[in-house]
Amino acid sequence: MIPGTTMKVLETPAGRRPALAALVRGGVGRRPGREADVTVTHQENILREFTKQAKTFADPQLNQTFTSRLTGLVKFVEPELDTEDICLEVACGTGLVSRALSRRVRHVTALDATPAMLEQGKREADRAAITNVTFARGDAGELPFLDRSFTLVITRFSLHHFEEPLAALREMVRVSRSGASLIIADLIRTDAPGDPDRHERLRDPSHATLLTIQQIAELLAEVGAEVKRSTAFEVVRPVDAWMAQSHTAEDAAEQIRAELRAELDGGAVTGMRPVLADGELCFTQSQAYLAAIAS
């Protein structure tokens with residue numbers, strides 16, 4: 001059993017835009033009901049989807065999961081931080097975590113495979129006069145760094161996008177110095193019935209598979225890292241904001257809404273655990289933070 005705590009958070013975007021549902025219709029080029037384009041590779045799906053999403057990552061109205069709980073993640077990481085740390089954030093997106101850690105450590109390298117994400121992050125860092133974050137393009141499965149290069153390695157909301165999470169974790173351990181902290185923050189699968197992966201992929205084809213917190217811990221052990229502590233919690237998210245953030249095509253968005261509403265009316269279980277919050281259609285997402293030590 002992994003030590004940790006569980007809590008529930010209600011996500012309610014303040015100042016919600018009047019035409020929020022219209023933003024969901026921004027997705028283009030998807031066939032009705034499509035979960036993934038079989039004509040492209042998974043890596044190409046990731047590049048395409050996150051290029052579209054780059055500008056939404058710092059938008060608190062659309063992406064509270066990334067923005068409002070950033071402070072909580074930094075607080076979780078705090079016991080591992082040292083002012084002399086040389087850090088790496090893998091699959092950094094726009095480097096929200098890297099920028100948050102930058103004032104607490106010596107240097108952070110923010111690595112991602114999507115140029116649009118890195119460019120947006122660099123603009124934000126420059127705007128905030130942050131000078132100790134380096135943005136670099138690279139593949140999480142083949143990190144462009146020498147062995148034992150970093151004293152803290154972190155990744156947030158990335159494992160569920162990887163076709164081979166074990167390969168990425170192995171690389172993260174490889175570039176970690178002995179005794180370095182390894183922080184994993186991700187969506188997780190619970191023992192609730194249903195298949196949340198199907199709707200996650202329908203919303204964003206770059207989604208791969210949700211892992212349980214135990215599976216993540218076992219993968220870390222396999223690559224030579226031991227989990228020392230963890231915490232898990234649930235977040236109730238508005239469906240429209242969630243889909244607007246990924247520019248989900250309207251046909252797919254309507255399918256998701258219809259199936260979640262049907263479940264609320266006693267229909268088939270989706271695994272998304274839908275609820276109504278102040279009359280708004282929402283779903284329940286489980287997340288976890290794990291802190292491990294590299295051998």
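Just so it is clear, the model here is predicted, and its values are computed rather than measured. (Residues numbered from 1 in each chain as written. Predicted model: local features only at pLDDT ≥ 70, side-chain atom pairs only at ≥ 80, totals over all residues. Heavy atoms only, no water.)

(A) Geometry of the nonpolar core. Membership of the largest hydrophobic core comes to 32 residues, with the highest contact counts inside it found for Leu88 and Leu220. At the level of secondary structure, the elements contributing two or more residues to this core comprise β2 (86-90), β5 (150-156), α7 (165-174), β6 (176-187), α9 (213-222), β7 (225-238) and β9 (280-294). (Core = buried A, V, L, I, M, F, W, Y, C linked by side-chain atoms within 4.5 Å. Buried < 20%, exposed > 50% of the residue type's maximum accessible area, 1.4 Å probe, protein only. Helix = DSSP H or I, 4+ residues; strand = E, 2+ residues; numbered from the N terminus.)

(B) Here's a closer look at empty space enclosed by the protein. A full pass over the atoms with the stated rule returns one cavity of 30 Å³ or more. For the largest cavity, the calculated volume is near 130 Å³. Ile188, Pro196, Leu210, Gly271 and Arg273 are the residues nearest the centre of the largest cavity, which is lined by 14 residues in total. Of all the secondary structure elements, the ones that give two or more residues to the lining of the largest cavity are α8 (196-203) and β9. (1 Å grid on protein atoms, 1.4 Å probe; cavity = no way out; pocket = protein on both sides within 12 Å on 5 of 7 lines; lining within 4 Å. Points joined across faces, edges and corners; volume = space filled by probe spheres on them.)

(C) Inspection of the pairing of strand β4 (residues 133-137) at higher detail. The pairing of strand β3 (residues 107-112) with β4 spans five bridges and is classified as parallel. Looking across to β4, one finds that Thr109 is bridged to Thr134. Crossover β3 to β4 through helix α6 (residues 115-127) is right-handed. (Pairing = 2+ DSSP bridges. Right-handed = clockwise from strand over helix to strand, strands pointing away.)

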